[in-house]
Amino acid sequence: MAFEKTPGGTRGTSMPSFVAPAMKFMNNQMIRRFRRSAASGGKTTGMDRLVLTTVGAKSGQRRQTLLGTFPDGDSAWLIVASAGGQMQNPAWYHNLAAHPDQAQIEVGGKTLSVTATQLAGQERDAAWQRITAAQPRYAGYEKKTDRVLPVIRLTAS
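Residues numbered from 1 in each chain as written. Predicted model: local features only at pLDDT ≥ 70, side-chain atom pairs only at ≥ 80, totals over all residues. Heavy atoms only, no water.

The next subject is the pairing of strand β3 (residues 62-68). Along any regular strand the residues' side chains alternate between the sheet's two faces. For strand β2 (residues 47-55) and β3, the ladder comprises seven bridges, and the chain directions are antiparallel. When the sheet's bridge partners are listed, Leu52 is paired in β3 with Thr65. Taking the residues that link successive antiparallel strands as the turn, the β2-β3 hairpin has six residues, and the phi of Gly60 there is positive, at about 75 degrees. (Pairing = 2+ DSSP bridges. Helix = DSSP H or I, 4+ residues; strand = E, 2+ residues; numbered from the N terminus.)

So, in structure tokens, the structure goes:
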């Protein structure tokens, strides 16, 4: 495994279970919208986005999620497992931790295979500073929960 999973927290926002189907529907709609805008840069809601494809940790099925991204050099991207400040890490994070070398991203109109690495220590702190400077909403997510929000580097394989 390319990283050690960060545990969930004891406090944070929560989503009732009946909301999950609606969130899945919205994710699919946002992915479609992203793909239509990919030719013009792939920005939605004022930030760079990518579609992350993971392999399910338990099911083995391919899963897609639209995420905010932050460039990290020419062939790497940073993503944050914030889940909007929820108490638990998002499902895509568990999938990525189980299969860090089987992920793909759609970015800039291209599909790329990537390897995921979770950042730690000073490297994570420096990346977090860049992320919150670019998108202050992430600092707000951090305040909603007591878990450490994982920062993951996706590097083109």
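What follows concerns the nonpolar core. Within the largest apolar cluster, 16 residues are counted, with the highest numbers of intra-cluster contacts made by Leu50, Leu52, Ile79, Trp92, Leu96, Ile152 and Leu154. Of all the elements in the fold, those that place two or more residues in this core are β2, β5 (76-80), α2 (91-98), β6 (103-107), β7 (110-118) and β8 (151-156). Setting aside anything within four residues of it in sequence, one finds Ile79 in contact with Leu50, Leu52, Leu67, Gly68, Thr69, Trp92, Leu96, Pro150, Val151, Ile152 and Leu154. With twelve residues, the next largest nonpolar core counts Val80, Leu119, Tyr141 and Leu149 among its residues. (Core = buried A, V, L, I, M, F, W, Y, C linked by side-chain atoms within 4.5 Å. Buried < 20%, exposed > 50% of the residue type's maximum accessible area, 1.4 Å probe, protein only. Contact = heavy atoms within 4.5 Å.)

On to the pattern of salt bridges, then. Under the criterion given, the structure shown has three salt bridges. The partner of Arg153 in a salt bridge is Asp72, and the shortest N-O contact between them spans 2.5 Å. Residue Arg153 is located in strand β8, and its partner Asp72 is located in the loop between β4 (70-71) and β5; the two are separated by 81 residues in the primary sequence. Look at Asp72 and you get buried, because its relative accessible area is 18%. Between Glu123 and Arg153 there is a salt bridge, and its shortest N-O distance comes to 2.9 Å. Here Glu123, found in helix α3 (residues 121-134), pairs with Arg153, found in strand β8; they are 30 residues apart in sequence, far enough to count as distant. Glu123 sits in the partly exposed class, given a relative accessible area of 42%. Because the salt bridges share partners, they merge into one network encompassing Asp72, Glu123, Arg130 and Arg153. (Salt bridge = Lys/Arg side-chain N within 4 Å of Asp/Glu carboxyl O.)

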